[in-house]
Amino acid sequence: MAIKQLIEAPLVVVTNREPYIDERVAGGIRTIQTAGGVVSALDPLLQEIGGNWVAWGSGNADIEMSSGGQRQVPPERPRYTLNRITLSPEEVQGYYAKYSNQGLWPLSHMLIERAQFSRRAWQTYRSVNQKFAKRVSAVSPPGAWVFSHDYQLALFPAFVRKTRPDVTIAHFWHIPWPPLPIFRLCPQHQEILRGLLGADVLGFQSEQDVEYFLNAVERTLKTTVNRETGRIDWQGRSVHVKSFPISVDVNAIEAMVESPRIRRWVRGIRRHVDRRDQILGISVDRADYTKGLLPRLDAMKEFYTLYPQYREHVTYLQIVVPSRTEVAEYRRFYEQVEKKTQEVNQRFATNGWKPIITLPHSLDRPRLMGLFRAADFAVVSSLVDGMNLVAKEFVAAQVDKRGVLLLSETTGAANELEHESFPINPLDPEGFANTLHEALSISADERADRISAMRKHLEEHTIYDWMADIFLTLKMAAQSYV
Ligand code: GDG
């Protein structure tokens, strides 16, 4: 069924990041469409059915391009209303950089020592969530369906419910949910749970996240949880908790890599690689400590040490996109990656060959998908990851079925792709090196079989299935109030 037929009420989407950013550049103002799974799924839907999107207006020309905090988008063919929330630099620091990214992000990824909380940042996080709720309450038509998103907005559902009990809310928690002994370390853990329980539907990436969440609710709020149905009785309502693993648009990626421009790009890369008798490996990550970039470099060092036959033959291209550069820790992390890369290169480079090439900036999406198509192997080595879309995109782009995927066992994606990918433990460099050798040793037929099986799975579980599943659950939740 087409997703739009599932939507039976006016739709309001609420995210931290906005789908369109107005930026002042030399010579004028440029509107940039942001990328990412959620935006690329929900923007076309809102373009089709109309509605409202509420987000932090982070662009430096957002205010002047909006009127009364609103902008009709897409600019060239306006179809829905983008409601921009203006945040002061102090609010951005407290709500986004500190509480969200230095507190909830590391804690949810179970990297306890990196987590920092402060009551001052909490107050800002709280008031910004309230700000979002106020705006959503103001723009939501009666009986609207509200889809809100991620750890930046944990308190938002309960705030909206207070003023607008008529709306039905689905909130999706995009990152892992930690086990209780870790979650408890968040000084405001009870408030976070109470905030989220304001939703009617709560979505997570995996069954394990759901289990940890239900356990936290049961143990800390002393509430009845039905594990079979995933329902929580909360303040006279039912909250439906379920896993909705996010995915990609396989057909769109396939069409992208089959376009004449990208076919040419892929041919060029392959010619270059084959002429030099190389095997091309690739990884693509935001420069984030959860992605296991440093242990991966240790593993590559181990690989070239244990298997010297690959020296001068396996070239590993790492795309490391600077991320959250407003947080000092992230800037330092980026420098560490650069330093370690240099060390490995100095140790193994020969005249005219370098084991690791770093691309320190982002590529446009079609060319990135083209690189995935051209590569012989991809490595995803996150320490912990809610899903990891790079793994799924690599599989979707592999239309020639030449590549193998090394995938960290501790990603959400491994729940779906563990049988045909090559599982790795990111903290076991020797094991990682052995697995890479094993993966590079299988026959072309086996490579093709593995990619085909993974592609089949992704064709049956696309980003649109993810969205349809969430809206179907939301619809059931909305009906139970009628
Ligand atoms: C969070 C959760 C969950 C990267 N470099 C370039 C580029 N990218 C794109 C990739 C991919 C996306 O960014 C990264 O998604 P991931 O899932 O790998 O990682 P996070 O950013 O941490 O995402 C994660 C995800 O949300 C779900 O949405 O899976 O667990 O942490 O789509 O392709 N895109 C372009 N150029 C680049 O250089 N165009």
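Structural notes, computed from the coordinates. (Residues numbered from 1 in each chain as written. Predicted model: local features only at pLDDT ≥ 70, side-chain atom pairs only at ≥ 80, totals over all residues. Heavy atoms only, no water.)

**Focus on helix H2 (residues 37–49)**
Move 1: With 13 residues, H2 extends 19 Å between its outermost C-alpha atoms, agreeing within 8% with the 18 Å of an ideal straight helix rising 1.5 Å per residue.
Move 2: By the burial criterion, the buried members of H2 are Gly 37, Val 38, Val 39, Ala 41, Leu 42, Asp 43, Leu 45, Leu 46 and Gln 47.
Move 3: Residue Gly 50 follows H2 closely and has a positive phi angle near 75°. (Helix = DSSP H or I, 4+ residues; strand = E, 2+ residues; numbered from the N terminus. Expected span 1.5 Å × (residues − 1). Buried < 20%, exposed > 50% of the residue type's maximum accessible area, 1.4 Å probe, protein only.)

**Digging into the layout of surface pockets**
Move 1: Its boundaries defined by the atoms lining it, the second largest pocket holds a volume of some 390 Å³.
Move 2: Lining the second largest pocket are 15 residues, and of these His 272, Val 273, Leu 280, Thr 315 and Ile 357 lie nearest its centre.
Move 3: In terms of residues, the lining of the second largest pocket owes the most to one element, helix H10 (residues 260–275), which gives four residues.
Move 4: The class makeup of the residues in the lining of the second largest pocket is nine nonpolar, four polar and two charged. (1 Å grid on protein atoms, 1.4 Å probe; cavity = no way out; pocket = protein on both sides within 12 Å on 5 of 7 lines; lining within 4 Å. Points joined across faces, edges and corners; volume = space filled by probe spheres on them. Nonpolar A, V, L, I, M, F, W, Y, C, P; charged D, E, K, R; others polar.)

**Some points on the environment of Ile 182**
Move 1: Looking at where Ile 182 falls in the secondary structure, it is placed in helix H6 (residues 180–183).
Move 2: Counting along the chain gives 214 residues from Ile 182 to Ala 396, while the straight-line C-alpha distance between them is 35 Å.
Move 3: Residues contacting Ile 182, with those up to four places away along its chain left out, are Leu 107, Met 110 and Ile 112. (Contact = heavy atoms within 4.5 Å.)

**Some points on the side chain of Ser 243**
Move 1: With respect to the secondary-structure elements, Ser 243 resides in strand E12 (residues 237–243).
Move 2: For Ser 243, a relative accessible area of 13% puts it in the buried group.
Move 3: Of the polar contacts made by the side chain of Ser 243, one reaches the side chain of Glu 207; its length is 3.3 Å.
Move 4: Here Ser 243 is in contact with Phe 204, Gln 205, Ser 206, Glu 207 and Val 210, once residues within four sequence places are set aside. (Polar contact = N/O pair within 3.5 Å; in protein donor to acceptor, adjacent residues only side chain to side chain.)

**Quick look at a positive patch on the surface**
Move 1: Together, Arg 264, Arg 267, Arg 271, Arg 275 and Arg 276 line one region of the surface with positive charge.
Move 2: With respect to the element layout, Arg 276 can be found in the loop between H10 and strand E13 (279–286).
Move 3: On the basis of relative accessible area, Arg 276 is assigned to the partly exposed category, the value being 44%. (Patch = residues over 30% accessible without salt bridge, like charges linked within 9 Å, V, L, I, M, F, W, Y side chains within 5 Å. Areas by Shrake-Rupley, 256 points an atom, 1.4 Å probe, with all protein chains shown as cover. Salt bridge = Lys/Arg side-chain N within 4 Å of Asp/Glu carboxyl O. Lys, Arg positive; Asp, Glu negative; His and termini not counted. Charge placed at Lys NZ, Arg CZ, Asp CG, Glu CD.)

**Let's talk about unusual backbone geometry**
Move 1: Cis geometry marks the peptide bond from Val 73 to Pro 74; its omega dihedral reads -10°.
Move 2: Following the sequence through the fold, Pro 74 ends up in the loop between strand E5 (70–73) and strand E6 (80–85).
Move 3: The backbone phi angle of Met 110 is positive, close to 65°, even though this residue is not glycine.
Move 4: Of note, Met 110 is situated in the loop between helix H3 (89–108) and helix H4 (119–139).
Move 5: At Glu 312, a position not held by glycine, the phi torsion is positive, near 65°.
Move 6: One can find Glu 312 in the loop between helix H11 (293–306) and strand E14 (314–321).

**Observations concerning the site of the ligand**
Move 1: With respect to spatial proximity, 19 residues lie near the ligand, and among them His 174, Leu 363, Asp 385, Leu 389 and Glu 393 are the closest.
Move 2: Taking Lys 291, its side chain carries an N or O atom lying 2.8 Å from an oxygen atom of the ligand.
Move 3: Contact with the protein chains hides 84% of the accessible area of the ligand, taken as 730 Å² for the molecule alone.
Move 4: Those elements that provide at least two residues to the shell around the ligand are E13, helix H13 (365–374) and helix H14 (389–397).
Move 5: Along the lines of polarity and charge, the residues of the shell around the ligand split into nine nonpolar, four polar and six charged. (Near = heavy atom within 4 Å.)

**A look at the sheet that holds E13**
Move 1: Across the sheet, six strands lie side by side as E15-E14-E13-E16-E17-E18; this open sheet has parallel pairing. With one partner strand each, in any of the chains shown, strand E15 (356–359) and strand E18 (422–424) form the two edges of the open sheet. Taken over all neighbouring pairs, the strand axes of this sheet differ in orientation by 20° on average, direction set aside.
Move 2: Examined bridge by bridge, E13 and E14 share eight bridges and lie parallel to one another. Opposite Ser 283, over in E14, you have Gln 318 as the bridge partner.
Move 3: Those strands touched by H13 are E13 and E14, and its axis lies near 140° from that of E13.
Move 4: Here helix H16 (residues 429–441) sits on the sheet and contacts E13, E14, strand E16 (377–380), strand E17 (404–408) and E18; the angle it forms with E18, its principal contact strand, is near 170°. (Pairing = 2+ DSSP bridges. Axes fitted to C-alpha atoms, helices over the stretch in contact; angles between N-to-C directions.)

**Overview of the sheet that holds E5**
Move 1: Read across the open sheet, the 10 strands follow the order E5-E6-E4-E1-E7-E8-E9-E12-E11-E10; overall the sheet is mixed. The two strands at the open ends of the sheet, each matched to only one other strand, are E5 and strand E10 (225–226).
Move 2: Relative to strand E9 (residues 201–204), strand E8 (residues 168–172) runs parallel, the two sharing three bridges. When the bridges of E9 are listed, His 171 appears paired with Leu 202.
Move 3: Together, strand E1 (11–15), strand E4 (52–56), E5, E6 and strand E7 (145–149) form the strand contacts of H4, whose direction differs from that of E4 by roughly 160°.

**Brief notes about the packing of aromatic side chains**
Move 1: Applying the stated criterion across every chain yields a total of 26 aromatic pairs.
Move 2: Judged by centre distance (6.2 Å) and plane angle (25°), the rings of Trp 53 and Tyr 80 are stacked. Within this pair, whereas Trp 53 is found in strand E4, its partner Tyr 80 is found in strand E6, the two being separated by 27 residues in sequence.
Move 3: Judged by relative accessible area, Trp 53 falls into the buried class, the value being 0%.
Move 4: Clustering of aromatic rings is evident, with ring pairs tying together Tyr 95, Tyr 99, Phe 117, Trp 122, Tyr 125 and Phe 132.
Move 5: Sitting above the plane of the Trp 105 ring, Arg 324 keeps its charged end 4.0 Å from the centroid.
Move 6: Of note, Arg 367 hangs over the ring of Trp 265, and the distance from its end group to the ring centre comes to 5.1 Å. (Phe/Tyr/Trp six-rings, centres within 6.5 Å; stacked < 30°, edge-to-face > 60°. Lys NZ or Arg CZ within 6 Å of the ring centre and 35° of its normal.)

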